[in-house]
Amino acid sequence: MKQAKLMVLAAALTVTAVALAADTGLPKLAKKATYKVGFAQTESNNPWRIAQTQSMQDEAKKLGWQLVYTDAQGSAAKQVADVRSMIAQKVDAIFLSPREEKPLAPVILEAKKAGIPVFLIDRNVDQSLAKAGNDYVTFIGSNFIQEGQRVGQWIAKKTNGKANIIELEGTTGSSPANDRKKGFDDVIAKNPGMKILASQTGDFSRDKGRQVMETLLQAHPEVDVVYAHNDEMAIGAIAALEAAGRKPGKDVLVLSIDGGREAVQLVVDGKIAYVVECNPKFGPKAYSTLKDYAAGKKINAKIINPDREFHSANAAKLLPSAY
Ligand code: GYE
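Quick caveat: nothing in here was measured; it's all calculated off a predicted structure.

Asks: What should I look at first to understand the environment of Met213 in this one?
Replies: Structurally, Met213 can be placed in helix α7 (residues 206-219). With near-sequence residues (within four places) excluded, Met213 lies in contact with Ile166, Leu168, Val226, Ala237, Ala240 and Leu241.

Dropping the structure here:
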């Protein structure tokens, strides 16, 4: 009798231990021949996003996996709903490019609770709301702070630390916009001759970049450097500069991040001075990380992509390898 009671007690303890593990640890993923995975894209209004989606789709096809694809069309609220629908469809895992750092954090916790592992690709979330390695498996992407620092250091070197800068920021509240600004500000703080005349969002979009540049150019005609958080806004800024009779590459240095084919061609043409790469081809790395995770391998909470750079001395040679 006593022994039976002990066994019941032991069984109860085991159940509690399992429940606790499920509460605090990451969801497990079974090793399977094929997976049904979700990819929640943030928007599709630029070549970077299109290349990223293509890479996720191509690689899924190659592996014979089923891909549930959604496009939030620039709305964080829609992206939250998209992830919820993936949870309802019981996908094996979710790949998410969170549009903004805060609004997408809670739905990551919902997926965790539903036992679905989440992998963040290209953008990160606020670590005080959802933590890499604890609430989601990992963040795979670039070191955005370093990207901003590299642009700042290049300007410091080329201008001997004297510059009148207009900064075009990416989507407000997104991790690349926050960190590309932070990294750039680190360099500004060390170079008192480098002045940011104005810093405003162009939402990572070509057309908004052009419009914002048009307005800022009127208020700050003394500008001699434009730092755009992505290629698209740099290309928009070039259009605004040229429409105002300015000569990008000659009287204004334009710098950007991404390294798409069109921007690298503009480096070759001398209109963009310097680009730090941020490569959108995530497919192979994203899915091989999932396979490693399912195999029980230890996954780092951050997996950082190496970024190349493009300038007048190497752009022509590297152009064919730009996305
Ligand atoms: O730089 C931009 C895109 O999240 C790193 O988002 C990405 C950024 C990229 O729309 O062009």
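Still more ground to cover, so stick around.
Asks: Sorry if this is basic, but what is going on with the domain arrangement of the protein chain here?
Replies: For an interface, size is often stated in terms of accessible area lost upon the parts coming together. Each assigned domain of the protein chain is listed with its residue range as follows: domain 1 (36-141 + 280-305) and domain 2 (144-278). Measuring from the centre of the C-alpha atoms in domain 1 to the corresponding centre in domain 2 gives 29 Å. Listed by partner, the interface residues are 12 residues for domain 1 and 15 residues for domain 2. For the domain 1 face of the interface with domain 2, the top three residues by lost area are Trp48, Glu101 and Arg123, together amounting to 42%. In this structure, the connection of domain 1 to domain 2 is made through one salt bridge. At the surface where domain 1 touches domain 2, the tally comes to six residue pairs in polar contact (both at pLDDT 80 or more). Here the side of domain 1 that touches domain 2 is built from residues that sort into four nonpolar, three polar and five charged.

Asks: Would you mind going over empty space enclosed by the protein with me for this structure?
Replies: The probe, sized like a water molecule, is rolled over the atoms to show the empty space still left. Under the criterion given, the structure shown has one cavity of 30 Å³ or more. Each pocket or cavity is described by its volume, and for the largest cavity that value is around 120 Å³. Around the largest cavity, the lining is made up of 13 residues, and of these Trp48, Arg49, Arg123, Phe204 and Asp258 lie nearest the centre. Those elements that provide at least two residues to the lining of the largest cavity are α2 (47-63) and α6 (175-190). Residues of the lining of the largest cavity, tallied by class, amount to five nonpolar, two polar and six charged. If you count residues domain by domain, the lining of the largest cavity takes at least three from each of domain 1 (36-141 + 280-305) and domain 2 (144-278).

Asks: I'm lost on the sheet that holds strand β2 (residues 66-71) in this one. Help?
Replies: Adjacent strands of a sheet pair through backbone hydrogen bonds, lying either parallel or antiparallel. Read from one edge of the open sheet, six strands run β2-β1-β3-β4-β5-β11, paired in parallel fashion. Single-partner strands in this sheet number two, and they are β2 and β11 (302-304). On average, each strand axis in the sheet is tilted by 20 degrees relative to the strand beside it, whichever way the strands run. Here four bridges tie strand β1 (residues 36-41) to strand β3 (residues 93-96), and the two strands are oriented parallel to one another. When the sheet's bridge partners are listed, Phe39 is paired in β3 with Phe95. Relative to β1, helix α3 (residues 76-88) is tilted by about 175 degrees, and along the sheet it contacts β1, β2 and β3.

Asks: Can you walk me through the packing of aromatic side chains in this structure?
Replies: For any pair of aromatic rings, the description rests on two quantities: the centre-to-centre distance and the angle between the ring planes. Enumeration according to the criterion identifies 10 aromatic pairs in this entry. Seen from their ring centres, Phe95 and Phe119 are 5.1 Å apart, and the 25 degrees between their planes marks the pair as stacked. Here the residue Phe95 occupies a position in strand β3, and Phe119 occupies one in strand β4 (residues 118-121), the gap between them amounting to 24 residues. Here Phe95 matches Phe119 in class, with each residue buried.

Calculation notes
- Residues numbered from 1 in each chain as written.
- Predicted model: local features only at pLDDT ≥ 70, side-chain atom pairs only at ≥ 80, totals over all residues.
- Heavy atoms only, no water.
- Helix = DSSP H or I, 4+ residues; strand = E, 2+ residues; numbered from the N terminus.
- Contact = heavy atoms within 4.5 Å.
- Domains from an automatic or database assignment.
- Buried area = accessible area lost by both parts, 1.4 Å probe.
- Salt bridge = Lys/Arg side-chain N within 4 Å of Asp/Glu carboxyl O.
- Polar contact = N/O pair within 3.5 Å; in protein donor to acceptor, adjacent residues only side chain to side chain.
- Nonpolar A, V, L, I, M, F, W, Y, C, P; charged D, E, K, R; others polar.
- 1 Å grid on protein atoms, 1.4 Å probe; cavity = no way out; pocket = protein on both sides within 12 Å on 5 of 7 lines; lining within 4 Å.
- Points joined across faces, edges and corners; volume = space filled by probe spheres on them.
- Pairing = 2+ DSSP bridges.
- Axes fitted to C-alpha atoms, helices over the stretch in contact; angles between N-to-C directions.
- Phe/Tyr/Trp six-rings, centres within 6.5 Å; stacked < 30°, edge-to-face > 60°.
- Buried < 20%, exposed > 50% of the residue type's maximum accessible area, 1.4 Å probe, protein only.

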